Amino acid sequence: MTNHNMQSPTQPVTARVSLPEAKPRYMRGIKEPTREEWCLGILILAGLIAFPFFDPGYRFLSLAVSTIFTAIALYGLSLQFGQAGIMSVGHAGIMGVGGYTAAILANQLGLGFWESLPLAMLLSALAAAVVGLPSLRVGGQHYIIITFCFCALLVIALTNGGTFTGAATGLDVGPIPGVFGIRFAKLDNMYFLCLAALTISIAVTFAIVHSPYGRTLWSIRENEPLARAVGINTNLHKIGVFAISGAFAGLGGILQTYYLRHISPELYGAFPSLYLALMIMLGGARPLYGPLIGSIIVNFLPELGGLDPIDSRIAYGVGLLLVILLLPGGVSGGLLSLYRRGTKTRHRLEKGRGLS
Amino acid sequence: MTQLEIRGLAKRFGGVQALNGIDIAIDGDGITGVIGPNGSGKTTLFNTIMGVHKPTAGQVIWDGRDITGWPAYRIAATGLVRTYQQAMSFPGISVLDNVSIGFEHGCDRAAPRRWTSPESLLGFVGLDGRGDEIAGSLSFGNLRRLGIAVALAAQPRMLLLDEPGAGLNDHEALALRDLILQFPGMGMGVCLIDHDMALMGAVCSRFIVLNFGTKIADGTPADVLQDRKVLEVYLGEDA
């Protein structure tokens, strides 16, 4: 190993100790978005804001609303799976906890959307943390099976919950109370409300990924024993990321409930959960826009391709196989590497021109 | 001064007695080598000290505190840090992020930092300019350096190195020797396991020899290597 700036072992240790004057790079909290990241973010946001103005029709606009609240829940899963490396197929169940919290509060106590919102997110976070407890003892596929069982159990519990959960027919909720005269019964306004929540979700995800906490999550994904060996309480951070993931799911779940104005157990079973896992794999779990892209693909593909439910399941299956084989980072990961290759070629071309 | 004391440490895996009541006292300012044939319990000793395995019996006293059975992360935070033989780094992320993780955790925060930034630490182990590379793409020798850097970033007061020289060529082993020799002067005790006797002989002021989970010799390298029991273990009964 190179011997520059080294001293002989006999020199006193104080010679090496110097306190940092400026805050070193590793401590500087959240990394600022680069210009590229700002541009892409603004472009995507502008596109999503503009969408309703192109008169997409009721069918496409409601698909877009579904896409967005699903994407919000997926941002939680992307932190848990993409950053900390722990997959779950119980995420729809956690959405259900949020949705049912809101619906039960509305039916039992007459609370509206805005009062239930923090409670729904909190309870979802708690539920996710509790469901995550087995992950401290088992990992990988074994944990996935446990989350699968959680969903199955949740559906059984909700179906047998009598009038409290509305049994198999579920519960109805009223419209979201208007704010500043904006009525959310109107689909456009519901779309913008969901979009606002999505924007916050993406911003929070970006902040987490680019903070020291994000690196802590990576260390769990990359090498858990080593993470512990350098002083990281991996168990605590795993439960922590489950709770954060659960809060996102709760937000998605309550928006879904108030968009459908109704909630029923079959929305939150094992199959919807598998769809969420499918979306995150298709879209890509790590790039910032992976969850959004995954949600768009799965929600819009049957409509755009004219596929019936059976056909679309086959298409998803084939798509998943193709993505796993050809684009391990999902569609967004593929786009990202294509872009990077593009810019590299451009740099090379410019360099070449400069030399000639 | 004794900083790490192990009293009657025992670890049993089912029918296998991996550690059989080991007593060791390690100074905070020296380099102690743990040697022994394969399966003699060297790595199990490290794992049991560091909270990876719960000991069946015995105590680990670090810095006057009984840390027996503490979880690994808590032990690391008190300044006792280890490296792994195989899984040295966080392979999928950048070299700089690897070291930053160590910087952001571990260490008693009151202790003065030996390096002001992850970059300067990378320079110290000879990985300057490699910060943006993905750790998994480094050569084996550089991966070993990174593994040590990740542990150093946690600001240890004692470092347990598990076969840092395994798989290194002669040139890399020499560089490793120079690196390890600097640690005591920086206020870091070292305890290391390795099979490379050239390396061990060059850095260690003391050898501890294990065989079948029992300490059979403990002393200066010269004394230990002439010990009858040690020669029997390494060279056979008739040696």
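For every chain, the first residue of the written sequence is number 1, and numbering continues from 1 along that sequence. The naming scheme follows written order: chains are lettered A onward, ligands numbered 1 onward. Residue-level local features of this predicted model are given only where pLDDT is at least 70; pairs of side-chain atoms are given and counted only at 80 or more, and the full residue set underlies all totals for whole chains, interfaces and linings. Side-chain figures throughout are based on the complete set of non-hydrogen atoms in the structure, without hydrogens or water.

Within an unreviewed UniProt entry, the label attached to chain B reads ABC transporter ATP-binding protein, and the organism entered is Acidisoma silvae.

As recorded in an unreviewed UniProt entry, chain A goes by Branched-chain amino acid ABC transporter permease and comes from Acidisoma silvae. UniProt positions are given in the numbering used here, feature names are shortened, and annotations may be inferred rather than shown by experiment. What the UniProt record of chain A gives under Subcellular location (unreviewed entry) is the line "Cell membrane".

Caption draft 1: Just the overall build of chain B, in detail. For helices the rule is a DSSP run of H or I covering at least 4 residues; for strands it is a run of E covering at least 2, with both sets numbered from the N terminus onward. What chain B contains, in helices and strands, is 9 helices and 10 strands. Taking 18 Å as the expected radius of gyration for a compact globule of 239 residues, we find that chain B reaches 18 Å, a close match to that expectation. With respect to the three principal axes, the spread of C-alpha positions in chain B is 55 × 40 × 35 Å. Contacts are assigned to residue pairs with any non-hydrogen atoms lying within 4.5 Å of each other. Sequence-distant contacts, at least 24 apart, represent 66% of the contacts inside chain B between residues at least 6 apart. Surface accessibility follows the Shrake-Rupley procedure with a 1.4 Å probe radius. Residue values consider only the protein chains on display as shielding. Taken as a whole, chain B presents about 8,900 Å² of accessible surface, with 52% of it coming from carbon and sulfur. Neither His nor the chain ends is counted toward charge; the positive residues are Lys and Arg and the negative residues Asp and Glu. Think of each charge as sitting on NZ of Lys, CZ of Arg, CG of Asp or CD of Glu. Taken together, the 20 basic and 26 acidic charged side chains of chain B have centroids lying 7 Å from each other. It is over C-alpha atoms that the radius of gyration is taken, and the globule rule equals 2.2 Å times the number of residues to the power 0.38.

Caption draft 2: Seen up close, the sheet that holds strand 8 (residues 189–193) of chain B. All names here are of chain B. A pair of strands counts as paired when DSSP detects no fewer than two bridges linking them. Read from one edge of the open sheet, 6 strands run 6-7-8-3-9-10, paired in mixed fashion. Edge positions in the sheet fall to strand 6 (80–82) and strand 10 (214–219), since each of these pairs with one other strand and no more. Ignoring strand direction, the axes of neighbouring strands in this sheet form an average angle of 15 degrees. Axis lines are fitted to C-alpha atoms, over the contacting stretch for helices. Their N-to-C directions set the angle, which ranges from 0 to 180 degrees. On top of the sheet, helix 9 (residues 228–235) reaches strand 3 (31–35), strand 9 (206–211) and strand 10; it is set at about 125 degrees to strand 10, its chief contact.

Caption draft 3: Expanded view of the layout of surface pockets. All names here are of chain A. Buriedness for pockets is judged along seven lines, at least five of which must meet protein on both sides within 12 Å for an open set on the 1 Å grid over protein atoms alone, while cavities are sets there where a 1.4 Å probe fits but cannot get out, and lining residues have an atom within 4 Å of a point. Grid points are joined across faces, edges and corners, and a volume is the space filled by probe spheres set on the points. Empty space within the second largest pocket amounts to approximately 810 Å³. As for the second largest pocket, its lining consists of 28 residues, of which S66, Y275, M279, V298 and N299 are closest to the centre. Elements supplying a minimum of two residues to the lining of the second largest pocket: helix 2 (57–83), helix 3 (91–109), helix 10 (234–260), helix 11 (270–283), helix 12 (290–305) and helix 13 (309–326). Each residue gets one label: Ala, Val, Leu, Ile, Met, Phe, Trp, Tyr, Cys and Pro are nonpolar, Asp, Glu, Lys and Arg are charged, and the others, such as Gly, are polar. Looking at the lining of the second largest pocket residue by residue, the classes come out as 18 nonpolar, 5 polar and 5 charged.

Caption draft 4: Highlighting the packing of helix 3 of chain A against helix 10 of chain A. Residues and elements named next belong to chain A. Look at helix 3 against helix 10: their axes get within 7 Å of each other, and the N-to-C directions meet at 55 degrees. One element, helix 3, and the other, helix 10, form an angle in the oblique class. The handedness of the crossing between helix 3 and helix 10 is right-handed. Counted together, H91, I94, M95, G98, G99, A102, A103 and A106 of helix 3 and S245, G246, A249, G250, G252, G253, I254, Q256, T257 and Y258 of helix 10 form the full contact between these two elements. Of the residues assigned to the contact of helix 3 with helix 10, the class counts are 8 nonpolar, 10 polar and no charged. Every angle not falling under 35 degrees, over 145, or within 65 to 115 is termed oblique; those three ranges are roughly parallel, roughly antiparallel and roughly perpendicular. Two helices that cross are described as forming a left-handed crossing if the nearer one is turned anticlockwise from the farther one by less than a right angle, and a right-handed crossing if clockwise.

Caption draft 5: A look at the pairing of strand 10 of chain B. Residue and element names in this part refer to chain B. Note that strand 9 and strand 10 share 5 bridges and pair antiparallel. Residue N211 lies in a different strand from strand 10, and its bridge partner there is T214. Hairpin connection, strand 9 to strand 10: the antiparallel pair is bridged by 2 residues, and F212 has positive phi, about 45 degrees.

Caption draft 6: Up close: the packing of aromatic side chains. Only rings of Phe, Tyr and Trp enter the pairing, Trp through its six-membered ring, and a pair is recorded when the two centres are within 6.5 Å. The plane angle decides the type: under 30 degrees is stacked, over 60 is edge-to-face, the rest tilted. Following the criterion strictly, the structure yields 12 aromatic pairs over all chains and no others. With a centroid separation of 4.9 Å and an interplanar angle of 90 degrees, the aromatic rings of F113 of chain A and W114 of chain A are classed as edge-to-face. Burial classes: relative accessible area under 20% of the type maximum marks a residue as buried, over 50% as exposed, and values in between as partly exposed (1.4 Å probe, protein chains only). On the accessibility criterion, F113 of chain A (2% relative accessible area) is buried. Plain terms: the ring middles of Y143 of chain A and F242 of chain A are 5.7 Å apart, the flat faces sit at 25 degrees to each other, and that makes the pair stacked. With Y143 of chain A in helix 5 (residues 140–159) and F242 of chain A in helix 10, this pair connects stretches of sequence that are 99 residues apart. Relative accessible area serves as the criterion here: at 1%, F242 of chain A is assigned to the buried category. Here the aromatic cluster, defined as three or more aromatic residues joined through ring pairs, consists of F51, F53, Y191 and F192 of chain A. The aromatic ring of F271 of chain A is capped on one face by R313 of chain A, whose charged end is 4.7 Å from the ring centroid. Definition used: whenever NZ (Lys) or CZ (Arg) falls within 6 Å of the ring centre and also within 35 degrees of the ring normal, the charge is taken to sit over that ring. The ring of Y84 of chain B has R82 of chain B sitting right over it, with the charged end atom 4.0 Å from the ring centre.

Caption draft 7: The environment of G236 of chain B, seen in detail. Counting through the fold element by element, G236 of chain B comes out in the segment after helix 9. Placed 80 residues apart in sequence, G236 of chain B and P156 of chain B show a C-alpha to C-alpha distance of 39 Å.

Caption draft 8: Quick look at the nonpolar core. In these notes, a set of buried Ala, Val, Leu, Ile, Met, Phe, Trp, Tyr and Cys residues joined through side-chain atoms within 4.5 Å is what counts as a nonpolar core. Ranked by internal contacts, the top residues of the largest apolar core, which has 137 residues, are L198 and L255 of chain A together with L152 and F183 of chain B. Split by domain, the residues of this core number at least three in each of domain 1 (1–79 + 158–239) and domain 2 (87–155) of chain B. The contacts of L255 of chain A, once residues within four sequence positions are left out, are F69, I72, F113, M190, L193, C194 and A197 of chain A. One finds L4, I67, L160 and C191 of chain B within the second-largest nonpolar core, a separate group that totals 24 residues. Each domain's extent is set by a domain assignment, obtained either automatically or from a database.

Caption draft 9: Focus on the environment of R183 of chain A. Residues and elements named next belong to chain A. As for its placement among the helices and strands, R183 is situated in the loop between strand 1 (171–172) and helix 7 (187–209). R183 sits in the exposed class, given a relative accessible area of 54%. Along the sequence, R183 and I72 sit 111 residues apart, while their C-alpha atoms lie 22 Å from each other.

Caption draft 10: Geometry of a positive patch on the surface. Residues and elements named next belong to chain A. Among the surface-exposed residues, R340, R341, K344 and R348 lie close enough to one another that they form a single positively charged patch. Turning to its location among the elements, K344 is positioned in helix 14 (residues 330–355). Taking the relative accessible area as the measure of exposure, K344 reaches 60% and is therefore exposed. Within this analysis, patches are made of residues with over 30% relative accessible area and no salt bridge. Like charges are joined at 9 Å or less; nonpolar side chains (Val, Leu, Ile, Met, Phe, Trp, Tyr) at 5 Å or less. One side-chain nitrogen of Lys or Arg within 4 Å of one carboxyl oxygen of Asp or Glu is enough to make a salt bridge.

Caption draft 11: Here's a closer look at the pattern of salt bridges. Within the structure shown, the criterion is met by 13 salt bridges over all chains. The partner of R221 of chain A in a salt bridge is E222 of chain A, with the nearest N and O atoms 3.0 Å apart. Between R206 of chain B and D218 of chain B there is a salt bridge, with its nearest N and O atoms 2.8 Å apart. Of this pair, R206 of chain B sits in strand 9 while D218 of chain B sits in strand 10, placing them 12 residues apart in sequence. You can call R206 of chain B buried: its relative accessible area is 17%. If you follow the salt bridges from partner to partner, you end up with R215 of chain A together with D97 and E104 of chain B in one network.

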